[in-house]
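Letter by letter, the chains look like this.
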Amino acid sequence: MSWLARLLNRRALELDLDRELRFHVDAATDDYVRAGLSRDEARRRALIDLGGYERVKEDARDARGTRWVEDWWADTRYALRAMARSPGFSAAAALTLALGLGANTALWSISDALMRRALPIDRPDELHAIRMVGIESEDDESYRTSHPFMQRLQAAVGDSVRIAATSGFSRLYATIGDRPEAVIAQLVSGSFFPLLGVRAQRGRLIGPDDDRTLGGGPVAVITDAFWERQFGRDPSVVGRTFRVNGVPLTVVGVAEPEFTSITVGQQVDLYAPLVMQHELRYMANASSTGADMKKPWVPQNGIAWLTLVTRVAPAAVPQLAARLDGVFRAELAERLADADPAVRARGLRAHLALEPMPRGFSPLRAAFADPLRALTAGVALVLLVACANLAGLLLARSEARAHEIALRASLGARPGRLVRQVVTESLTLAMVGGALGLVLAQWAIRALLKLASSGPRAIPLDAALDGRTLLFAVGVTLAAGLLFGLAPAARVARADLYASFKAGGRVASGAGSHRVPLGRALVASQIALSLTLVAAAGVFVRTFRNLLAVDAGYARETVVAARLDIRAAGYTYEQLPALYARLLDAARAIPGVQSASLSLHGLAAGGRRTSGFVVPARTDSPGERPAQENFVTPDYFRTVGMTLVSGRAFTERDTKDAPKVAVITQAAARRLFGTDSAVGGRFGYDTPADVEVVGVLRDVRPNSLREPPPPMVLRPLAQAPQEYVTSVEVRAAGSPEPVIKALSNALASTAREIPVRDVTTLEDLLQRGLSRERLVARLAGGFGALALLLAAIGLYGVISYSVTRRRREMGVRLALGASPGQVVRLVLRESLATIAAGLALGIALWFPLLGLARRLLYGVSPHDPGTLAGGAAALLAAGVLAALLPALRAARVDPIEAIRAE
Amino acid sequence: MPACAADLLQGTLDMLVMRAVADEPLHGYALVQRLKLTSGGRLTVPHGSLYPALHRLENRGMLKAEWRSTATGREAKFYWLTAKGRRHLEREVVAWHELSVAVALVLGTFAPPETR
């Protein structure tokens, strides 16, 4: 019979063995009877000859070779029964473990999906991005280039290497039902999908034929997520046509479910060919040099809006990079031939490089790398605390089971066998906790992705539990089980039989006081770990509060803003001035509104424009000076509450025909003119410096609270009448809530066809920008609280057990005249020693680790003494409270009963 | 002094058991008697060691077992040697002989007084 068959047929084999041995004894008995003995005597001799019936059976069982599995199974069932006998403790232990294990699994899964997982395409290590390196620029700009340049590169490398291009992401409006729905779209070249090797699960994907003629590719590919969300996986979607930003597009296919985008964590609903850019009025994520952005972008050299990717084996990268760079540098030298020598020298430092991106692009990754590391460390610490907690509690319980262990040992169990049993119990507990933890992890992943998102929807990261995550979860569970199983196992291995029996089956008294330090050591280490977690919670919460308190330079709570997409609604340039007037009138008519304004880019709304300005008066350092630019109506400064430090704001007189004016911030004044007093200074977009500075503003933070105030140039909207504003702001006299609703209604009734979103206060928008810091603060706070609770429980358990063991000693003290207060103080003094040891250990060992989190903090040092003191005080208070209850119990011991109970 | 078979190494016991059932199938009790008989009374295998050895050999495929009726009409579990077991036995016997030659050579002419 094979080993497996023997394992499964245990019962049959046992009966077989029994039968065999009985025959043997009977045969031997018969022989002895024939030799002349009585039946009983014969039987006795036969059994002696056999050498112990049960012993033979045991040896035969060992010979089966399935022993260890059977033992393990028996131990597990015993452990489960034991757990069922003390449901309260088991539930608490399992829950503690579930929290620790689940949190670790969730974070690992998210880290894996964001940081480590490769793109779901063929041979991801071959994917490279073409990037400009060597000179400073904004991250996005170093990837962007124009369509004609891409074609020149493609021509230079021939057909062996394909280059594909993608635009940035933009919100377009699709009329699928009766209302326009916002969709996130990306434009791609015809070579994009073939290059990546992505497959369609329905229909086909965009190909080279769709990308040949301007406006001649009215097709779209939708992603799986969008198909599910919008169409409920209706197979008839392929072939359907609907209008996107007014252009009829036909859905030709749905991408395979694993693929969303080459930018990880970015939601994409729809892909369209590059040649549709002008028709779709896609006008975002681009920088222009002397080009007309109102004409189609594809043929224009001066518009950089495409990111280029290519597929090349890692070994062939240097060769390809050299060829691409050759083309680039030739053009660069030609372009800079007439430029200023200083500018030329700086420009010639640039060259093209191939950047491997097997894991795709991810701004999300860059933003969350540090917080993820901090959080992973945090949950690991929480798990350690939980394990220490459990180890202490299990240790206390194993003391109570000393009698049972001694009995087993005396019945013939070897120490190895006993240790195996105890370890199995710990592992079983760990497995139960781990299983619960997996369930928790699912929920935790969803919750985390939602919390970390700065928008209404969760971050679209595929962090579901897969094989790798399960492997991790099992590994961590086993490790945790072994970790907290060590303490009771060590106890069992050193079991002192005689002492246990002498104690008569009750908990051993007095003499075993040397055993207590292990329990107290565990609590001290728990307190040490908890101190770090509590201090970390303190500094992260303070970071968030510090950020919230940063002065943005404008009113936050009383200003309500709304984002508009006028371009998507199909308005022409001529219709804009009348529309703007209508919008402002409608906004001002809202009851409770003090003033209203329009701006090209709203505050904290995520959009911005950067332009280069030339200041002829500055001969010391010629060249363009970049600054953020915005176009606003005259009431803007009053509406949003920006303060002028000198000069004036815009008025109705700053019209298109009037001299060009600007109001700049202090940072812009310093950058453009080198001084704060810049009123009267002149600058321009190019050589004719025809813009005059009429006012200087106090510095503002228009993008996020975390960034330092950028140089900002504001111009009157009237002097740039062809700009499509994207934001309307109103100042509320009282509470903003009714204004929010009123503004939505006003916009809907004035211009129904304009998509409107994010109607909310500036305060809300700024807070959304801090979602990362808020997430970390909340989670760290949770960990700190959890650690505090666990440390208190651990201390309570150990002290409580110690008091129970020392009942007799307490009784003697009380009988000899000690007051209850003295007994309480005695217990508390010993507890304080443990707490103090833990705090000292924590400060010395774990606290310095907080220095690693320096980059995540704002306005507070990682080793801030105030926070440390606060954390220590909190732990001290919790510890004293936890020790107080058993201490009071000790004082209430009845001396006579305690001494008598022997 | 008759050798106490408790001194037998496990491998040696296995070899003896296999030899005993090489000629005809035997059940456990009969095996004990056979070993005692053929060794001239010198070898008394403790009955308890026998069954673990039998089961081990059966698990390894050296022996095969079957419940049959004995002469007295009762049912007993009979063991016999498989082809694999026979090959193994032959190898073990050869090795044993070589070992005993080597041991004899080493011991040489050393003769303890009790030996006859």
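A brief structural summary. (Residues numbered from 1 in each chain as written. Chains lettered and ligands numbered in written order. Predicted model: local features only at pLDDT ≥ 70, side-chain atom pairs only at ≥ 80, totals over all residues. Heavy atoms only, no water.)

Once that is clear, we can look at the overall build of chain A. Of the regular secondary structure elements, chain A holds 27 helices and 24 strands. Taken along the three principal axes of its C-alpha coordinates, chain A extends 135 × 75 × 55 Å. Within chain A, the fraction of its 902 residues that count as buried is 50%. For chain A, restricting intrachain contacts to residue pairs at least 6 apart in sequence, the fraction spanning at least 24 positions comes to 77%. A total of about 40,900 Å² of accessible surface is found on chain A, and carbon and sulfur atoms cover 58% of it. Charge-centre separation for chain A: the mean point of 107 positive side chains lies 6 Å from the mean point of 85 negative side chains. (Helix = DSSP H or I, 4+ residues; strand = E, 2+ residues; numbered from the N terminus. Buried < 20%, exposed > 50% of the residue type's maximum accessible area, 1.4 Å probe, protein only. Contact = heavy atoms within 4.5 Å. Areas by Shrake-Rupley, 256 points an atom, 1.4 Å probe, with all protein chains shown as cover. Lys, Arg positive; Asp, Glu negative; His and termini not counted. Charge placed at Lys NZ, Arg CZ, Asp CG, Glu CD.)

Attention shifts here to the overall build of chain B. Each helix and strand counted, chain B has four helices and three strands in total. Secondary structure elements in chain B, listed N-terminal to C-terminal, are α-β-α-α-β-β-α. Principal-axis analysis of the C-alpha atoms places the extent of chain B at approximately 50 × 30 × 20 Å. Looking at chain B as a whole, 36% of its 116 residues qualify as buried. By sequence separation, contacts in chain B at least 24 residues apart represent 49% of the contacts at least 6 residues apart. Here chain B has roughly 7,200 Å² of accessible surface; of this, 60% comes from carbon and sulfur atoms. When the 15 basic and 11 acidic side-chain charges of chain B are each reduced to a single mean position, those positions are 3 Å apart.

All names here are of chain A. Counting through the fold element by element, S109 comes out in helix α6 (residues 87–116). Judged by its relative accessible area of 0%, S109 is buried. If we skip the residues at most four places from it in the chain, S109 touches I445, A463, A464 and T469.

Turning our attention to a nonpolar patch on the surface. Residues and elements named next belong to chain A. A cluster of nonpolar residues, W3, L4, L8 and W68, forms a patch on the protein surface that exposes about 480 Å² of accessible area. Looking at the nonpolar patch, the element that brings in the most residues is helix α1 (residues 3–8), giving three residues. Mapped onto the fold, W3 is located in helix α1. (Patch = residues over 30% accessible without salt bridge, like charges linked within 9 Å, V, L, I, M, F, W, Y side chains within 5 Å. Salt bridge = Lys/Arg side-chain N within 4 Å of Asp/Glu carboxyl O.)

Moving on, we come to a positive patch on the surface. All names here are of chain A. Together, R10, R11, R77, R81 and R85 make up a region of like positive charge exposed at the surface. It is helix α5 (residues 67–85) that contributes the most residues to the positive patch, three residues altogether. One can find R81 in helix α5. The class of R81 is partly exposed, set by a relative accessible area of 47%.

Another point: the interface of chain A and chain B. Listed by partner, the interface residues are 20 residues for chain A and 19 residues for chain B. Of the roughly 1,800 Å² buried at the junction of chain A and chain B (both faces included), carbon and sulfur atoms supply 57%. Of all residues in chain A, E20, F23 and H24 of chain A give up the largest surface area on contact with chain B, accounting jointly for 37% of the area buried on that side. Counting across the chain A and chain B interface gives three salt bridges. Measuring nitrogen to oxygen at the nearest pair gives 2.8 Å for the salt bridge that ties K77 of chain B to D16 of chain A. Linking chain A with chain B are ten residue pairs in polar contact (both at pLDDT 80 or more), by the criterion used here. Mapped by element, the contributors of at least two residues to the side of chain A that touches chain B are α2 (10–34), α3 (39–50) and α4 (53–63) of chain A. For the side of chain A that touches chain B, the element with the highest residue contribution is α2 of chain A, accounting for twelve residues. Looking at the side of chain A that touches chain B residue by residue, the classes come out as nine nonpolar, one polar and ten charged. (Buried area = accessible area lost by both parts, 1.4 Å probe. Polar contact = N/O pair within 3.5 Å; in protein donor to acceptor, adjacent residues only side chain to side chain. Nonpolar A, V, L, I, M, F, W, Y, C, P; charged D, E, K, R; others polar.)

Tracing the sequence through the fold places A464 of chain A in the loop between α14 (415–451) and α15 (467–493). The residues contacting A464 of chain A, other than those within four sequence positions of it, are S109 and T469 of chain A.

This part is about the packing of aromatic side chains. Residue and element names in this part refer to chain A. Following the criterion strictly, the structure yields 20 aromatic pairs over all chains and no others. Geometrically, the ring pair formed by Y143 and F361 is edge-to-face, given 5.3 Å between the ring centres and 85 degrees between the ring planes. One end of the pair, Y143, is in the loop between β1 (127–133) and β2 (144–145); the other, F361, is in the loop between β13 (351–356) and α12 (363–400), and 218 residues separate them in sequence. Pair check on accessibility: Y143 and F361 agree, each one buried. Look at F193 and Y271: their rings are 5.2 Å apart centre to centre, the planes differ by 80 degrees, and that puts the pair in the edge-to-face class. Placement of the pair is F193 in helix α8 (residues 192–196) and Y271 in strand β9 (residues 270–273), with a sequence separation of 78 residues. Here the two residues F193 and Y271 agree in accessibility, since each one is buried. Three or more aromatic residues joined by ring pairs make a cluster, and in this case those are F192, F193, F259 and Y271. Over the face of the ring belonging to W108 we find R116, whose NZ or CZ atom lies 4.9 Å from the ring centre. (Phe/Tyr/Trp six-rings, centres within 6.5 Å; stacked < 30°, edge-to-face > 60°. Lys NZ or Arg CZ within 6 Å of the ring centre and 35° of its normal.)

To continue, consider the sheet that holds strand β2 (residues 63–69) of chain B. The strands that make up a sheet are held in pairs by hydrogen bonds between backbone atoms, and each pair lies either parallel or antiparallel. Residue and element names in this part refer to chain B. Ordered by their spatial adjacency, three strands build an open sheet running β1-β3-β2, and the pairing between neighbours is antiparallel. Edge positions in the open sheet fall to β1 (26–27) and β2, since each of these has one partner strand only. Two elements, β2 and strand β3 (residues 75–81), share seven bridges in a ladder whose sense is antiparallel. Paired with W67 across the two strands is K77, which belongs to β3. In the packing of helix α3 (residues 47–59) onto the sheet, contacts are made with β2 and β3, and the angle to β3 comes to roughly 55 degrees. (Pairing = 2+ DSSP bridges. Axes fitted to C-alpha atoms, helices over the stretch in contact; angles between N-to-C directions.)

Residues and elements named next belong to chain A. Counting 56 residues, the largest nonpolar core has F192, F193, F259, Y271 and V309 as its most contacted members. Broken down by element, this core gets its largest block of residues, nine residues, from α12. Every residue in contact with Y271, bar those within four places of it in the chain, is listed here: Q186, V188, F192, F193, I206, V219, A220, V221, T223, F259, T260 and S261. If you look at the next biggest cluster of nonpolar residues, it comprises 51 residues, including M150, L172, V183 and A272. (Core = buried A, V, L, I, M, F, W, Y, C linked by side-chain atoms within 4.5 Å.)

Below, the discussion takes up unusual backbone geometry. Its identity is not glycine, yet R233 of chain A carries a phi of approximately 60 degrees, on the positive side. For R233 of chain A, the position within the fold is in the loop between α9 (224–231) and β7 (241–244).

Each regular strand shows side chains that alternate between the opposite faces of the sheet. Residue and element names in this part refer to chain A. Here strand β3 (residues 163–175) pairs with strand β4 (residues 180–188) via eight bridges, running antiparallel. Counted as the bridge partner of S170 is A185 from β4. Linking β3 back to β4 in an antiparallel pair, the connection comprises four residues. Two strands pair when backbone bridges link them, and β4 and β9 are joined in this way by four bridges, in the parallel orientation. Counterpart to L187 in the pairing with β9 is A272.

What follows concerns the packing of α14 of chain A against α15 of chain A. Two quantities define a packed helix pair, namely the angle between the helix axes and the distance between the axes. Residue and element names in this part refer to chain A. With their axes 7 Å apart at the nearest point, α14 and α15 run at an angle of 145 degrees to one another. The two elements α14 and α15 meet at a crossing, and its hand is right-handed. The segment α14 lies against α15, with L418, V419, V422, V423, S426, L427, L429, A430, M431, G434 and L438 engaging L470, A473, T477, L478, G481, L482, F484, G485, P488, A489, V492 and A493. In terms of residue class, the contact of α14 with α15 is built from 18 nonpolar, five polar and no charged. (Left-handed = near helix turned anticlockwise from the far one by under 90°.)

Residue and element names in this part refer to chain A. Where α12 meets α15, the closest approach of the two axes is 8 Å, and the angle between their N-to-C directions is 35 degrees. The handedness of the crossing between α12 and α15 comes out as right-handed. Along its contact with α12, which presents L383, L384, C387, L390, A391, L394, L395, S398 and E399, the element α15 presents V476, A480, L483, F484, A487, P488 and R491. The class makeup of the residues in the contact of α12 with α15 is 13 nonpolar, one polar and two charged.

By themselves, these are just geometric observations and shouldn't be taken as functional.
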